[in-house]
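Structure at a glance
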2 protein chains.
Amino acid sequence: MPSWMTKEGPDQDIVVSSRIRLARNLRNYSFPTVKDLRKEVKIIELVGESIFSVNKNMKEDFQLKQMEDLTDIERMEKVEKHMISPQLGEKIEGAAVLFNREENLIIMINEEDHLRIQALLPGFQLKKAFGMANQIDDLIEEKLDYAFDESLGYLTACPTNVGTGIRGSVMLHLPILTLTGHINSILQFSNKVGLAVRGVYGEGSGYSGNLYQISNQISLGATEEEIIQKLEDVTQQIIGKERALREELIQNKRPEIEDQVYRSRGILENSRMISSEEAMNHLSNLQLGVSLGLIKDITSGFLNQLFIKIQPGSLQKHYNNELILSVRNQKRSSMIREEIKRHTENNNTEE
Amino acid sequence: MPSWMTKEGPDQDIVVSSRIRLARNLRNYSFPTVKDLRKEVKIIELVGESIFSVNKNMKEDFQLKQMEDLTDIERMEKVEKHMISPQLGEKIEGAAVLFNREENLIIMINEEDHLRIQALLPGFQLKKAFGMANQIDDLIEEKLDYAFDESLGYLTACPTNVGTGIRGSVMLHLPILTLTGHINSILQFSNKVGLAVRGVYGEGSGYSGNLYQISNQISLGATEEEIIQKLEDVTQQIIGKERALREELIQNKRPEIEDQVYRSRGILENSRMISSEEAMNHLSNLQLGVSLGLIKDITSGFLNQLFIKIQPGSLQKHYNNELILSVRNQKRSSMIREEIKRHTENNNTEE
């Protein structure tokens, strides 16, 4: 499991994770949009070498995976764990992923750009993630020649990434902003200040499990620090609003909220078949229950992990088998029941 | 608790209870439709005396309650326990109820007729119930002069009861006939052969908790035995159909049925507010689970009792207080949680 899923982070009752992604390309090679397998193989080799040659520690910590060496299920799982993008998950030939043991530093190779350097942390830690991504970026730049223009900055395949090449994003759990409908004005405001909001899982633009990913849309005309600061400020406002609404709701609608939280628990602990969509919504209610102090024998981190484990790819990886939808729904419910049982038994023993 | 709720009966996985009701009037008194409090008081006295004067046992076993001595909640509770009709529940002055300790022999006095003698048994026992009602009827007839016409039979306030004055009814739990929609042809067929079908609880004609009450519509032109036999035959057919469909479903749709049963259990064991309507539907699923052998630590009889205990009147009786709707919904869910917990703990200890 990636460390962003197993470790604790600041404001984790609302901010599930923080991510920084840097888009980089090599000067002497055409952009990945121009398909050329020999070039791609060469770039994978160069990027791998730039990390492995730093020192023995780095060589031991990182591993390089050719996308073609992964099964469909393993690719799907890596997408669900946010290690790779859905786009890379679909590109099999001439693409690779380089990642450390903690799976919090990940370099996608030959996705939309030659390199996409990512740092992923639990909770609200954009600046720390930026520091980590920066460090790797510097190490690589010592060995490789980036495509860089004095006036434009880093050159990228898509114009929206030109400049700093940076994209910061936070994954937010906003059940009460969603419940009360306040989320709509948040979405409008975010768009107005140049931030994009999208769902995290599920098809299309749905916001399953009350999860929202907020990121900067433009990476040009401001420094990395300014871009991150703006994202951080807006996120801080959203956190404040969600917290205030939770407080208000627990004061005025305690029985209703308790009912919602415990019913979800009852369904997760008892259903015999469940879709990922439905499970995410109940996990979201449980997460809310933990954060409000209603549920005491389940941790927030455990629920964050379960969010990923129940996704189709991770589920099939767990059972080591391709499963049709109806069987997945059955296996998902047994896994949820077992995981909650084991987790709460452990928690109760520790007390 | 009335013995029909606490004791076991034949075919109880489908037939909750069997009831026989005999409508009788006294010859020298105008029908209850003619309001006359002095007459009503006299009739209550006469009927009471006719029972109490039989012997010491009868005098000790039976008690007479004036409706005006009961609180609103107690009247509501007696309706929910099927001891009295909703009509008697609303008539306060000049009405009474006479019943034995087991609450399986009940005489409503000054409801639509002067006397309505009822016998109520768990499971499918129409003939036995008829025997019990008959016996009481004979005892009373020794003391009192019934309004009887040689050609018409017993005279009653409403013409549909003239003749034998008998109404037999069974309360059936038919979740799968309902789920599959086969219930509609059952309803049509029952009407065609002169039987009426109605819901047991809830407002209007709804069939809450998949419970149906089937009774004869006409009591004239056939003997008591013939009337009961027809009701018994049709009921037997319905039982057979429900059983066959349950068998079929558990063969072909086991995961779906298990899911439905366990989700209902999860909700009953976890909700923090629940309407009687919703609770009845989940109890119905649990009852199905018990009958299919999926649920082993809960008994069918326990669920039959819970069906009554969660009704608004019984619930308020339990908490000894008039409660507004939202508070009832909260109290109902705590009561359900506690009852299931106590019951399953007892059952698990016994193993």
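For clarity, every value in this text was computed on a predicted model and none was experimentally measured.

Cut-offs applied
Residues numbered from 1 in each chain as written. Chains lettered and ligands numbered in written order. Predicted model: local features only at pLDDT ≥ 70, side-chain atom pairs only at ≥ 80, totals over all residues. Heavy atoms only, no water. Helix = DSSP H or I, 4+ residues; strand = E, 2+ residues; numbered from the N terminus. Rg over C-alpha atoms; globule rule 2.2 N^0.38 Å. Buried < 20%, exposed > 50% of the residue type's maximum accessible area, 1.4 Å probe, protein only. Contact = heavy atoms within 4.5 Å. Areas by Shrake-Rupley, 256 points an atom, 1.4 Å probe, with all protein chains shown as cover. Buried area = accessible area lost by both parts, 1.4 Å probe. Salt bridge = Lys/Arg side-chain N within 4 Å of Asp/Glu carboxyl O. Polar contact = N/O pair within 3.5 Å; in protein donor to acceptor, adjacent residues only side chain to side chain. Core = buried A, V, L, I, M, F, W, Y, C linked by side-chain atoms within 4.5 Å. Pairing = 2+ DSSP bridges. Axes fitted to C-alpha atoms, helices over the stretch in contact; angles between N-to-C directions. pLDDT = per-residue confidence, 0-100. Lys, Arg positive; Asp, Glu negative; His and termini not counted. Expected span 1.5 Å × (residues − 1). Least-squares fit on C-alpha atoms with pLDDT ≥ 70 in both. Domains from an automatic or database assignment. Nonpolar A, V, L, I, M, F, W, Y, C, P; charged D, E, K, R; others polar. Phe/Tyr/Trp six-rings, centres within 6.5 Å; stacked < 30°, edge-to-face > 60°. Lys NZ or Arg CZ within 6 Å of the ring centre and 35° of its normal.

**Considering the overall build of chain A**
Within chain A, the secondary structure is distributed over 14 helices and ten strands. The C-alpha atoms of chain A give 21 Å as radius of gyration, which agrees with the globular expectation for 351 residues (20 Å, within 12%). Each principal axis of the C-alpha distribution contributes one length, and for chain A these read about 65 × 45 × 35 Å. With 351 residues in all, chain A has 56% of them scored as buried. Partitioning the contacts of chain A with sequence separation of at least 6, the portion at a separation of at least 24 is 70%. Of the roughly 15300 Å² that chain A leaves accessible, carbon and sulfur atoms contribute 48%.

**Thoughts on the environment of E8(B)**
Looking at where E8(B) falls in the secondary structure, it is placed in the loop between α1 (3-6) and β1 (15-24). Distance from E8(B) to G301(B), taken between C-alpha atoms, is 6.9 Å for residues 293 residues apart in sequence.

**Thoughts on the interface of chain B and chain A**
Accessible area lost upon the coming together of the parts is a frequently used measure of interface size. Listed by partner, the interface residues are 16 residues for chain B and 16 residues for chain A. Across the interface of chain B and chain A, roughly 1500 Å² is buried in total on both sides, 56% from carbon and sulfur atoms. Put simply, E278(A) and R263(B) hold a salt bridge, and the shortest N to O gap is 2.8 Å. On the surface where chain B and chain A come into contact, there are eight residue pairs in polar contact (both at pLDDT 80 or more). Counting residues per element, the side of chain B that touches chain A draws most heavily on helix α10 (residues 254-270) of chain B, at ten residues.

**Points about the nonpolar core**
Most often, soluble globular proteins have nonpolar side chains that are buried together. I107(A) and I107(B) are the most contacted members of the largest nonpolar core, which has 188 residues in total. Look past the residues within four positions of I107(B) in its chain and what remains in contact with it is V47(B), I51(B), A96(B), V97(B), L98(B), L115(B), R116(B), I117(B), I136(B) and I140(B).

**What to know about the sheet that holds strand β1 (residues 15-24) of chain A**
Residues and elements named next belong to chain A. Read from one edge of the open sheet, eight strands run β2-β3-β4-β5-β1-β8-β10-β9, paired in antiparallel fashion. A single partner strand is all that each edge strand has here, and the edge strands are β2 (62-66) and β9 (195-199). On average, each strand axis in the sheet is tilted by 20° relative to the strand beside it, whichever way the strands run. Summarising the sheet, β1 and strand β5 (residues 115-122) pair through eight bridges and their orientation is antiparallel. Directly across from R19, in β5, lies its bridge partner L120.

**A few points about the confidence of the model for chain A**
Taken as a whole, chain A shows an average pLDDT of 92; of its residues, 97% reach a score of 70 or greater. Predicted complex, confidence summary: ipTM 0.84, pTM 0.87.

**Details of the side chain of R272(A)**
Relative to the elements of secondary structure, R272(A) occurs in the loop between α10 (254-270) and α11 (276-291). Nearest to the buried, unbridged R272(A) among oppositely charged side chains is E258(B), at 4.7 Å. The residues touching R272(A), leaving out its near neighbours within four places in the chain, are N329(A), Q330(A), S333(A), R337(A), P255(B), E258(B), D259(B) and Y262(B).

**Quick look at α10(A)**
Relative to the 24 Å expected for 17 residues at 1.5 Å per residue, α10(A) spans 24 Å between its end C-alpha atoms, a close match to the ideal helical length. For α10(A), a buried count of twelve out of 17 residues is recorded, marking the element as mostly surrounded by other parts of the structure.

**Looking at the sheet that holds strand β4 (residues 105-109) of chain B**
All names here are of chain B. Reading across from one edge, β2-β3-β4-β5-β1-β8-β10-β9 is the order of the eight strands in this open sheet, with antiparallel pairing throughout. Two strands bound the open sheet, and with one partner strand each, they are β2 (62-66) and β9 (195-199). Taking the axes of each pair of neighbouring strands and ignoring which way they run, one obtains an average angle of 20° across the sheet. Sheet topology places strand β3 (residues 96-100) next to β4; four bridges connect them, and they run antiparallel. Residue pairing across strands places L98 opposite I107, the latter belonging to β4. Against the sheet, helix α9 (residues 224-252) engages β1, β8 (166-173), β9 and β10 (211-216), with an angle of about 10° to β8.

**Overview of the relation of the copies chain B and chain A**
Note on the identical chains: chain B maps onto chain A by a rotation of 180° and an axial translation of 0.1 Å, with an RMSD of 0.0 Å. The transformation relating the two chain copies, once decomposed into turn and shift, fits a two-fold axis. Residues of chain B ranked by C-alpha distance from the rotation axis are headed by G266(B), positioned 2.0 Å from it. The residues that chain B uses at the interface reappear at the interface of chain A in 100% of cases, marking a shared surface.

**Quick look at the domain arrangement of chain A**
Residues and elements named next belong to chain A. Segmenting chain A into domains produces domain 1 (3-244) and domain 2 (253-350). Relative placement of domain 1 and domain 2: their C-alpha centres are 27 Å apart. Summing both partners gives a buried area of about 1900 Å² for domain 1 against domain 2, and 64% of it is carried by carbon and sulfur. The tally of links between domain 1 and domain 2 comes to one salt bridge. With a shortest N-O distance of 3.8 Å, E77 and K317 are connected by a salt bridge. Summed over the shared surface of domain 1 and domain 2, the number is seven residue pairs in polar contact (both at pLDDT 80 or more). Only α1 (3-6), α4 (72-80) and α7 (175-180) provide two or more residues apiece to the side of domain 1 that touches domain 2. Of all the elements, α4 adds the most residues to the side of domain 1 that touches domain 2, at five residues. Looking at the side of domain 1 that touches domain 2, its residues break down into ten nonpolar, six polar and five charged.

**Describing the packing of aromatic side chains**
What the rule picks out here adds up to four aromatic pairs over all chains. Relative to Y154(A), the ring of Y146(A) has its centre 5.9 Å away and its plane inclined at 80°; by these criteria the two rings are edge-to-face. According to the relative accessible area criterion, Y154(A) is buried, its value standing at 11%. Relative to Y154(A), the ring of F148(A) has its centre 4.9 Å away and its plane inclined at 70°; by these criteria the two rings are edge-to-face. According to the relative accessible area criterion, F148(A) is partly exposed, its value standing at 33%. Here a set of aromatic residues connected by ring pairs shows up, and it is made of Y146(A), F148(A) and Y154(A). The aromatic ring of Y262(B) is capped on one face by R272(A), whose charged end is 3.6 Å from the ring centroid.

**Some remarks on the pairing of strand β4 (residues 105-109) of chain A**
All names here are of chain A. With five of five residues buried, β4 is to be regarded as a mostly interior element. Residues L105, I107 and I109 of β4 are buried on one face, and the alternating residues I106 and M108, pointing to the opposite face, are buried as well. Hairpin connection of strand β3 (residues 96-100) to β4: four residues between the antiparallel strands, including E103 at a positive phi of 55°. Sheet topology note: the β4/β5 ladder contains five bridges and is antiparallel. From the neighbouring strand, I109 faces β5, where its bridge partner is L115. Between the end of β4 and the start of β5, which pair antiparallel, lie five residues, with N110 showing a positive phi angle near 65°.

**As for the pattern of salt bridges**
Residues and elements named next belong to chain A. Taken as a whole and assessed by the stated rule, the structure comprises 50 salt bridges over all chains. Of the charged contacts in the structure, one is a salt bridge between E60 and K56, with a shortest N-O distance of 3.3 Å. Here E60 pairs with K56, and both are found in helix α3 (residues 56-61), just four residues apart, close to one helical turn. Looking at E60, the relative accessible area reads 46%, which means it is partly exposed. One network of salt bridges, with partners in common, ties together E77, K81, E103 and K317.

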